[in-house]
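Report on the structure
The residues making up each chain are set out below.
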Amino acid sequence: AHMAVETETLLVTPSATTPMLTDVEDDGYVYRTAVSDAVQGRVLASIAKREGYRKVFVLEADKDPWASGVSSRFSASFEEMQGKAPSKKFDINAKD
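Small disclaimer: the values here were computed from a predicted structure and weren't measured. Think of each chain on its own: its residues are numbered from 1, step by step along the sequence as written. Totals for whole chains, interfaces and linings use all residues, but because this is a predicted model, local features are given only for residues with pLDDT of at least 70 and pairs of side-chain atoms are given and counted only at 80 or more. Side-chain numbers here rest on the full set of heavy atoms in the structure, without hydrogens or water.

A few words on the pattern of salt bridges. By definition, a salt bridge exists where a carboxyl oxygen of Asp or Glu is found within 4 Å of a side-chain nitrogen of Lys or Arg. Applying the stated criterion across every chain, the model contains 2 salt bridges. Linking Arg50 and Glu51 is a salt bridge whose minimum nitrogen-to-oxygen distance equals 3.9 Å. Take Arg50 and Glu51: they sit in the same class, and that class is exposed. Salt-bridge contacts for Glu60 lead to Lys89; the nearest nitrogen and oxygen are separated by 3.6 Å. Placement of Glu60 in strand 3 (residues 58-61) and of Lys89 in strand 4 (residues 87-90) is noted, with a sequence separation of 29 residues between them. Each residue is placed in one exposure class: buried if its accessible area under a 1.4 Å probe, protein chains only, is under 20% of its type's maximum, exposed if it is over 50%, and partly exposed if it falls in between. A relative accessible area of 8% means that Glu60 is categorised as buried. The way it works is that DSSP assigns letters per residue, a run of H or I at least four long becomes a helix, a run of E at least two long becomes a strand, and they are numbered from the N terminus.

Structure, rendered in structure tokens:
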């Protein structure tokens, strides 16, 4: 993002979902076509609540920034809605 601003070059990204990009001073040079992890997690929590779920187990791939961002926002949002969202991380490289 900073490089786009420095070079006055438009940056369009279909995959940058980190919430950190939301607050970057980009002078209008940075656009993403996918919503942030924070929004994805909140929306998923709203859907789960609307569908009547009171407890959702969140299985998260360890060391995966996208999984971490979405799952943490989902858990926080769902718990704010009086739901329970226990979670567990797993190693995607484990053989067992």
